[in-house]
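In case you want the letters, here they are:
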Amino acid sequence: MADYSNRPIIIKKVKKVAHAHHGGAWKIAYADFVTAMMAFFLLLWLISMTTPEQKQGLADYFAPPNISASTSGSGGVMGGTAMDSAGAQMSGSISTEAKADAPKPQDNVENGAEDAASKSQAQADIKASQSQAFHSAAASIRQAWQAMPDITEIADNLLVEETPEGLNIQIVDQEGRPMFPEGSKFPFELTRKAIAAIAPILQQLPNQISISGHTAAGGVFSNPRYGPWDLSSDRANVVRSILSEFGLADDRIEAVTGRSTSDPFFPNDPYMAANQRVKITVLYDAPPVPPDMAF
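Below you will find a few notes about this structure.

What counts, and at which threshold
- Residues numbered from 1 in each chain as written.
- Predicted model: local features only at pLDDT ≥ 70, side-chain atom pairs only at ≥ 80, totals over all residues.
- Heavy atoms only, no water.
- Helix = DSSP H or I, 4+ residues; strand = E, 2+ residues; numbered from the N terminus.
- Buried < 20%, exposed > 50% of the residue type's maximum accessible area, 1.4 Å probe, protein only.
- Contact = heavy atoms within 4.5 Å.
- Areas by Shrake-Rupley, 256 points an atom, 1.4 Å probe, with all protein chains shown as cover.
- Polar contact = N/O pair within 3.5 Å; in protein donor to acceptor, adjacent residues only side chain to side chain.
- Patch = residues over 30% accessible without salt bridge, like charges linked within 9 Å, V, L, I, M, F, W, Y side chains within 5 Å.
- Salt bridge = Lys/Arg side-chain N within 4 Å of Asp/Glu carboxyl O.
- Phe/Tyr/Trp six-rings, centres within 6.5 Å; stacked < 30°, edge-to-face > 60°.
- Pairing = 2+ DSSP bridges.
- Core = buried A, V, L, I, M, F, W, Y, C linked by side-chain atoms within 4.5 Å.

## Description of the overall build of the protein
Piece 1. On a plain count of helices and strands, the protein comes out with 6 helices and 7 strands.
Piece 2. From first element to last, N terminus to C terminus, the protein shows the α and β order α-α-β-β-α-α-β-β-α-β-α-β-β.
Piece 3. Residue burial in the protein is summarised as follows: out of 295 residues, 25% are buried.
Piece 4. Long-range pairs, those at least 24 residues apart, make up 68% of the contacts in the protein between residues at least 6 apart in sequence.
Piece 5. In the form shown here, the protein has an accessible surface area of approximately 20700 Å², with 59% of it arising from carbon and sulfur atoms.

Here you go:
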């Protein structure tokens, strides 16, 4: 049997080796990656929000300038070359600026259509504004007449309406109730009061005013030298005079005319009493003349 009592005892120490420490470098790289991705998506968002013109401006800003041969700068630092936005071009070529400035036929058509639409809209807006003003004026005229009890009996002889030419105020004869004495250019007193009442209201409107006199067919005139043309003209001018006396400025009158029997209120029956009348028209303003058509 072997004797192991004298064999030396060997004790081995096992050293534990710690894993190598990687440090925080990966965190920095990850942060850079996240930042780059955020910048990328922000760039995509900004590009989607810009207009084609803004994109072109950005492209022009970052594009390197072209250098082409030019006589400017000759002998200087540039040595015969100069900064030229057109860049190097072949002989006979057209610069991009000239191309950009040259109007395209389609652009001319589109611009013309836009201008026409804009002018039409402006005219429509002007007419709508005037129509609203005429509506208010018509209401004021009716209220003024209603506030005068003594002219109630001739209420049916006083007409106010909006027409394509403007606001019409008509003083018409009715069967058995004329507004002027037979053959006279001067109105009855009630007619005069009704005319005077509307003068201040018309003065508040900026529009021009036309006054026309009308007669019915079949009138008899004792003076052969004085007929329906004379009577209709005189009545229109007397109405103008009454309006002027009660506040309407003379420069607001555009025309005073006599129409005789040429424009009856009832064309199918030119003998009706209502054809004999005086019409006061507050005219729509003429639409503005386009600058390219003005002389």
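## So, the environment of Ser 244
Piece 1. Within the secondary structure layout, Ser 244 lies in helix α6 (residues 228-245).
Piece 2. A sequence separation of 41 residues divides Ser 244 from Gln 203, and the C-alpha atoms of the two residues are 9.6 Å apart.
Piece 3. In terms of polar contacts, Ser 244 uses its side chain to reach the side chain of Asp 250, at 3.0 Å.

## Brief notes about a nonpolar patch on the surface
Piece 1. Together, Trp 26, Tyr 30, Phe 33, Val 34, Met 37, Met 38, Phe 40, Phe 41 and Leu 44 give the surface a local cluster of nonpolar side chains, amounting to about 970 Å² of exposed area.
Piece 2. The residue Tyr 30 is located in helix α1 (residues 25-49) in this model.

## Things to note about the packing of aromatic side chains
Piece 1. This structure, assessed with the given rule, holds 3 aromatic pairs.
Piece 2. Relative to Phe 41, the ring of Phe 40 lies with its centre 5.6 Å away and its plane at 65°, an arrangement referred to as edge-to-face.
Piece 3. Overall, Phe 40 belongs to the partly exposed group, its relative accessible area being 42%.
Piece 4. For the ring pair Phe 134 and Tyr 284, a centre distance of 5.1 Å and an interplane angle of 35° mean the geometry is tilted. Highlighted residues: Phe 134 in helix α4 (residues 105-146) and Tyr 284 in the segment after β7 (277-283), separated in sequence by 150 residues. Both residues of the pair, Phe 134 and Tyr 284, count as buried.

## A few points about the pairing of β7
Looking along a regular strand, one sees the side chains alternate between the two faces of the sheet.
Piece 1. β7 sits mainly inside the fold: 7 of its 7 residues count as buried.
Piece 2. Residues of β7 alternate between two faces, with Arg 277, Lys 279, Thr 281 and Leu 283 on one and Val 278, Ile 280 and Val 282 on the opposite face, all of them buried.
Piece 3. As paired elements, strand β4 (residues 166-172) and β7 share 7 bridges and run antiparallel to each other. Across the sheet, residue Ile 169 finds its bridge partner in β7, namely Ile 280.

## Regarding the pattern of salt bridges
Piece 1. Scanning the entire structure with this criterion turns up 4 salt bridges.
Piece 2. Lys 279 serves as the salt-bridge partner of Glu 165, at 3.5 Å between the closest nitrogen and oxygen. Taken together, the positions of Glu 165 in the loop between β3 (158-163) and β4 and Lys 279 in strand β7 put the pair 114 residues apart, joining distant regions of the chain.
Piece 3. In this structure, the salt-bridge partner of Glu 245 is Arg 192, at a minimum N-O distance of 2.9 Å. Highlighted residues: Glu 245 in helix α6 and Arg 192 in helix α5 (residues 189-204), separated in sequence by 53 residues.
Piece 4. Given the relative accessible area of 26%, Arg 192 is considered partly exposed.

## Describing the side chain of Lys 279
Piece 1. Since its relative accessible area comes to 11%, Lys 279 is described here as buried.
Piece 2. At 3.5 Å, the side chain of Lys 279 and the side chain of Glu 165 are in polar contact.
Piece 3. Beyond its immediate sequence surroundings of up to four residues, Lys 279 is in contact with Glu 165, Asn 168, Ile 169, Gln 170, Ser 210, Ile 211, Ser 212, His 214 and Asp 263.

## With respect to the nonpolar core
Piece 1. Ranked by internal contacts, the top residues of the largest apolar core, which has 38 residues, are Trp 145, Leu 202, Ile 211, Leu 243 and Ile 280.
Piece 2. Secondary-structure elements contributing two or more residues to this core are α4, β3, β4, α5, β5 (209-214), α6 and β7.
Piece 3. Per element, the largest residue contribution to this core is 8 residues, and it comes from α5.
Piece 4. With sequence-adjacent residues up to four places away left out, Leu 243 is seen in contact with Ile 195, Ile 198, Ala 199, Leu 202, Ile 211, Leu 248 and Ile 280.

In short, geometric facts, not functional conclusions.
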